[in-house]
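Structural characterization, general
Now for the letters of each chain:
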Amino acid sequence: MKQKTMKAALSALAVAVSAQSAAALDEITVGYFLEWPMPFEYAKATGRYDEELGMKVNWVSFDAGTAMSAAMASGDVQLSVSQGLPPFVVGVSAGVDLQIVDIAVSYSENDNCVVAEALEIDKDSAKELEGKKVGVPIGTAAHYGFLKQMSHFDVDITTMEIVDMAPAEGAAAFAQGNLDMVCGWGGALRRMKEHGNVLLTGAEKEDLGILVFDVTSGPSTFIAENSEVVTKFLQVTADANEMWAAGSNTQEMIDVIAKDAGMDPADAAASLETFTFPTVEEQLGPKWLGGGAQEFMLGVAQVFKDAGSIPEALESYDDTVNTGPLSDVSK
């Protein structure tokens, strides 16, 4: 199996130190994804974060959650919105001192693997994927879903040529016929589906225990020293999610969100229909940050350990969740 390992990158992440000072904090940098439309982008585009935090919020886009971990570890980024849970698990398992502060979005229908239509392979013939070439963003939610699906179908991934590719890159190679299967999310996933089919629907994946959700994360030192800033940030996010859920300003929000995400409004609306944004109360409940996410991380870590993507899993992921700022929002 020609799979790019992440051990060298993980070692680099583990020794990186995020040094943020609460004093003289007059701006922060936040990571996010393009082609990943979410209500927070309405607040981002209209200046609500700057206004409520009383400082300049710089935004930088990423191709994958693993890059977000590296940027936060180096101190270049203070928070990341909608970091996939698997890349977060990969980072903290390697010793990167990050914490989850909220559940950003749940989206089992918007992260998947697509098989080239010319192969005519579906869930009843998935075994035929052995020996094929697949593009996967290693260490991400898409990678986790790929590993779980291949395990479910008893496909021996050691026979496959696995290439580490960001979703946009994978979608382009797939369209050119250079890959037999490709995995990704968002706008890239929509483009992938133009040239192939998924093996399992989102509901079918959930039945197998393949949950797909993103988090807002940051270096634990930054969160501890700037809890009030983080609370205000999460409050703005929660307000935007509540506005979206209310449905009274939908079209205006879609137009603004789509522009910010670099998407056509119709495509942004289609993506948003597949997203669920848990309320603050739901996030603090047992399904999510009240214990469910921590338990799920153990399973994710074991999958990556078995695949050789991380050397070891943590005994517990409880300390990687900090509900303090979100609890303050709920009050």
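On a predicted model such as this, the values are computed, not experimentally measured, just so you know.

Here's the deal with the nonpolar core
- Counting 94 residues, the largest nonpolar core has L85, L129, F146, M150, M160 and M181 as the members making the most contacts within it.
- Sorting elements by how many residues they give to this core places helix α11 (residues 227-246) first, with eight residues.
- Counting 11 residues, the second largest nonpolar core, distinct from the first, contains A116, M165, A171 and M192.

Here we look at the state of the cysteines
- Across all of its chains, the model carries one disulfide by this definition.
- At a sulfur-sulfur separation of 2.1 Å, the disulfide partner of C113 is C183. Taking the sign of the S-S torsion, 105° for the link of C113 and C183, the bridge is right-handed. Taken together, the residues C113 in strand β5 (residues 111-116) and C183 in strand β8 (residues 181-185) connect sequence positions 70 residues apart.
- The class of C113 is buried, set by a relative accessible area of 4%.
- According to the relative accessible area criterion, C183 is buried, its value standing at 1%.

Examining the sheet that holds strand β9 (residues 196-198)
- Across the sheet, which stays open at both edges, the five strands sit in the order β7-β6-β8-β5-β9 with mixed pairing between neighbours. Every interior strand has two partners, whereas the edge strands, β7 (161-164) and β9, have only one. Neighbouring strand axes in the sheet, compared pairwise and without regard to direction, differ in orientation by 25° on average.
- For strand β6 (residues 133-136) and β7, the ladder comprises four bridges, and the chain directions are parallel. Following the sheet pairing, V136 is matched in β7 by D164.
- Across the face of the sheet, helix α7 (residues 167-175) comes into contact with β5, β8 and β9 while running at roughly 145° to β8.

So, the packing of aromatic side chains
- With the rule as written, the count across this model stands at 14 aromatic pairs.
- Centroid distance Y32 to W59: 6.0 Å. Interplanar angle 90°. Geometry classified as edge-to-face. Taken together, the residues Y32 in strand β1 (residues 27-33) and W59 in strand β2 (residues 56-62) connect sequence positions 27 residues apart.
- Overall, the relative accessible area of 21% leaves W59 in the partly exposed class.
- Among the aromatic residues, ring-to-ring pairing joins Y32, F40, Y49, W59 and F233 into one connected group.

Some remarks on the packing of α7 against helix α8 (residues 186-193)
- Remark: α7 packs on α8, axes separated minimally by 8 Å, with the N-to-C direction vectors making an angle of 15°. Put simply, α7 runs roughly parallel to α8. For α7 against α8, the interelement crossing comes out left-handed. When α7 is examined against α8, the residues P167, A168, A171 and F174 are found in contact with a partner set consisting of A188, R191 and M192.
- Broken down by class, the residue content of the contact of α7 with α8 amounts to six nonpolar, no polar and one charged.

Some thoughts on the sheet that holds β1
- Pairing in this open sheet of five strands is mixed, and the strands run β2-β1-β3-β10-β4 from one edge to the other. The sheet terminates laterally at β2 and β4 (98-106), the two strands that pair on one side only. Across this sheet, the average inter-strand angle for adjacent strands is 25°, counted without regard to direction.
- The sheet contact formed by strand β3 (residues 79-84) and strand β10 (residues 213-219) spans three bridges and is antiparallel. Within β10, the position partnered with Q83 by the bridge is V215.

About the cut-offs
- Starting afresh in each chain, residues are numbered from 1 along the sequence in its written order.
- In view of the model being predicted, local features appear only for residues whose pLDDT reaches at least 70, and side-chain atom pairs are presented and counted only at 80 or more, with totals across whole chains, interfaces and linings using the full set of residues.
- Side-chain numbers here rest on the full set of heavy atoms in the structure, without hydrogens or water.
- Nine residue types can take part in a nonpolar core, namely buried Ala, Val, Leu, Ile, Met, Phe, Trp, Tyr and Cys, and a core is a set of them joined through side-chain atoms within 4.5 Å.
- Relative accessibility decides the category of a residue: with a 1.4 Å probe and only protein chains considered, values under 20% of the type maximum give buried, values over 50% give exposed, and everything between is partly exposed.
- Put simply, DSSP marks the helices as runs of H or I at least four residues long and the strands as runs of E at least two long, and each gets a number from the N terminus on.
- A pair of sulfur atoms, both from cysteines and within 2.5 Å, is called a disulfide here.
- Strands qualify as paired when DSSP identifies two bridges or more between them.
- Throughout, an axis means a line fitted to C-alpha atoms (over the contacting stretch in the case of helices), and angles, computed between N-to-C directions, take values from 0 to 180 degrees.
- Contact between two residues is taken to exist if any of their heavy atoms lie within 4.5 Å; hydrogens are not considered.
- Here a pair means two rings of Phe, Tyr or Trp (six-membered ring of Trp) with centres within 6.5 Å. Their orientation is stacked below 30 degrees between planes, edge-to-face above 60, and tilted elsewhere.
- Every angle not falling under 35 degrees, over 145, or within 65 to 115 is termed oblique; those three ranges are roughly parallel, roughly antiparallel and roughly perpendicular.
- Each crossing gets its handedness from the near helix: less than a right angle anticlockwise from the far helix is left-handed, clockwise is right-handed.
- Charged residues are taken to be Asp, Glu, Lys and Arg, nonpolar residues to be Ala, Val, Leu, Ile, Met, Phe, Trp, Tyr, Cys and Pro, and polar residues to be all remaining types, Gly included.

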